[in-house]
Amino acid sequence: MHLLEQNYRDKKVFLSGHTGFKGTWLSLWLQWLGAKVMGYSLDPPSMPNMFETMNVAPKLAHIRGDVRDFNKLSEAAARFEPDIVFHLAAQPLVRLSYKNPRLTYDVNVMGTVNTLEMVRNTPSVRAAVIVTSDKCYENREWVWGYREDEPMGGRDPYSSSKGCCELVTSAFLRSFFPPEEYGRTHNVAIASARAGNVIGGGDWGGDRLVPDCIRALTRDEEIVLRSPDSVRPWQHVLDPLGGYLALGSLLLTDGPRFAGAWNFGPSENGAWSVKEVVSEVIRLWGKGGYRVESTGNAHEAHLLKLDCSKAGKYLGWRPRYDVKTALAMTVEWYRRFYSDEGKATLRDFTVDQIAAHVR
Ligand SMILES: NC(=O)c1ccc[n+]([C@@H]2O[C@H](COP(=O)([O-])OP(=O)(O)OC[C@H]3O[C@@H](n4cnc5c(N)ncnc54)[C@H](O)[C@@H]3O)[C@@H](O)[C@H]2O)c1
């Protein structure tokens, strides 16, 4: 039996953000591994969305709740008695964070505080993975990849809120779950996971490059680019999710050895410019075009790479797909979604993508 299956089969997993893009993929993967999942989130963030498309709800305990509602969050977890918590719920959009910084900090930072406090108060929990972002780092726009122990920062409210989530996680780790006290004063191993821009089928989030491309292409409109030369790390959603699962599994079996922060970025050649990504999407789709518009005042980082040596060495984790493969898998997913024939078997196709990633 595969190690992940061995470690997740019949485990109780509490997952916040399960109605979102990454959360739905993670729910499907956990179900495929035989885990029992409780999802705790607000409604799916878009229409259409991955959560309803995959019809995940009937196969998990679905709680519609806000991570800012500490009592409801704690009661749900107390009832479910999870072994492990994955915290993905967030306000994840940079541009929305400029429009609504209070909401962004409230959901992202207090949502993380509430989740960690819930972990502290729920005796069944033995591990937690807090999902933040590569944007948590103070971006110095240099050519080297960021390592886990480099300073937190973030110039825009979203990025800085994710830096704050990291600081909160680190404070809880050191104050309440110190690895050296594991097995004596507590039995919880907590970690944070930092990944870059992910792509994959089922994302219709606003202000995200591939969803923006697909929206325009399906309407026969031009794709509008704001920062064509921005270079970002791109990876298929299954790559970081595989990292979160490997990390969670080792936190469960080996406890404190794996506590702390982890990067899950693409390989060196995974950094492509926005223009390159869009050109490849258009090529795969078979038609379409783009035009460039000014960004206005919003600052966008130009280069941000992660150094993932730690995850490679200690978790045996490596990104499986290069950008070209990730884009081909993604465009094929949307092609099926937008065809009646393909849509009927889309869930099977999605689960096949998960199975192929594991093999
Ligand atoms: N998608 C990416 O490229 C990317 C990159 C780096 C990090 N991340 C992080 O990964 C996580 C998931 O991102 P995603 O792309 O799936 O986002 P998404 O917008 O698709 O999903 C967000 C999820 O959070 C839930 N949510 C939002 N506010 C909530 C609240 N107040 N209470 C409870 N639930 C709430 C939504 O209902 C949804 O389930 C986030 O933490 C995000 O910051 C995403």
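Look up a bit, the structure's there.
Being a predicted model, the structure only gives us computed values, none of them experimental.

Trainee: How do you make sense of the overall build of the chain when you look at a structure like this?
Mentor: On a plain count of helices and strands, the chain comes out with 14 helices and twelve strands. For 359 residues, the compact-globule estimate of 2.2 N^0.38 gives 21 Å, and the C-alpha radius of gyration of the chain, at 19 Å, lies within 12% of that figure. Taking the principal axes of the C-alpha coordinates as reference, the chain spans close to 60 × 45 × 40 Å. Every one of the 359 residues in the chain was classed for burial, and the buried ones make up 48%.

Trainee: It is not clear to me how the site of the ligand should be interpreted in this structure. Could you clarify?
Mentor: Near the ligand, the surroundings consist of 26 residues, among which Gly20, Phe21, Lys22, Ala89 and Ala90 are the closest. Where the shell around the ligand is concerned, the elements lending two or more residues are helix H2 (21-33) and strand S7 (197-199). Ranked by residue count, the leading element in the shell around the ligand is H2, at three residues.

Trainee: What is the right way to read the sheet that holds strand S9 (residues 231-236) from this model?
Mentor: Hydrogen bonds along the backbone pair up the strands of a sheet, which may run parallel or antiparallel. The mixed open sheet is built from three strands, whose spatial order is S7-S9-S11. The sheet terminates laterally at S7 and strand S11 (271-273), the two strands that pair on one side only. Shown here is a sheet whose adjacent strand axes are inclined to one another by a mean of 50°, direction ignored. Bridge analysis of S9 against S11 gives three bridges, and the strand direction is antiparallel.

Trainee: I keep staring at the nonpolar core and nothing clicks. Help me out?
Mentor: Nonpolar side chains tend toward joint burial in soluble globular proteins. The biggest cluster of nonpolar side chains holds 98 residues, and the ones touching the most others in it are Ala128, Ile190, Ala191 and Leu247. Per element, the largest residue contribution to this core is eight residues, and it comes from helix H9 (residues 238-254). Residues within four places of Ala128 in sequence aside, it is in contact with Ile84, Val85, His87, Val119, Val188 and Ile190.

Trainee: Sorry, what's going on with the sheet that holds strand S10 (residues 260-264) here?
Mentor: Read from one edge to the other, the open sheet built from seven strands follows the order S3-S2-S1-S4-S5-S6-S10, with strand pairing classed as parallel. Of all the strands in the sheet, just strand S3 (61-64) and S10 have a single pairing partner and so form its edges. With strand direction ignored, the average angle separating the axes of adjacent strands in the sheet is 15°. Here strand S5 (residues 127-131) runs beside strand S6 (residues 189-195); their pairing, made up of five bridges, is parallel. Its bridge partner lying in S6, Val129 is registered against Ala191. Along the sheet face, helix H7 (residues 157-175) touches S5, S6 and S10 and points at about 160° away from the line of S6.

Trainee: Looking at this structure, how should I read helix H4 (residues 70-80)?
Mentor: Each turn of an α-helix holds 3.6 residues, which means side chains three or four residues apart point in the same direction. What H4 keeps buried is the set Leu73, Ala76 and Ala77. Around the axis of H4, the buried residues are gathered within 95° of arc, so they sit on the same side. Exposed residues pointing more than 90 degrees away from the buried face of H4 are listed as Asn71 and Arg79. At its buried positions, H4 is contacted by strand S1 (12-16), strand S2 (36-41), S3 and helix H6 (101-121). Just beyond H4, the residue with positive phi is Glu81, at close to 55°.

Reading the values: rules and limits
- Residues numbered from 1 in each chain as written.
- Predicted model: local features only at pLDDT ≥ 70, side-chain atom pairs only at ≥ 80, totals over all residues.
- Helix = DSSP H or I, 4+ residues; strand = E, 2+ residues; numbered from the N terminus.
- Rg over C-alpha atoms; globule rule 2.2 N^0.38 Å.
- Buried ≥ 20, exposed ≤ 12 C-beta atoms within 10 Å, placed from the backbone.
- Near = placed C-beta within 6 Å.
- Pairing = 2+ DSSP bridges.
- Axes fitted to C-alpha atoms, helices over the stretch in contact; angles between N-to-C directions.
- Core = buried A, V, L, I, M, F, W, Y, C linked by C-beta atoms within 7 Å.
- Contact = placed C-beta atoms within 7 Å.
- Arc of directions from axis to C-beta.

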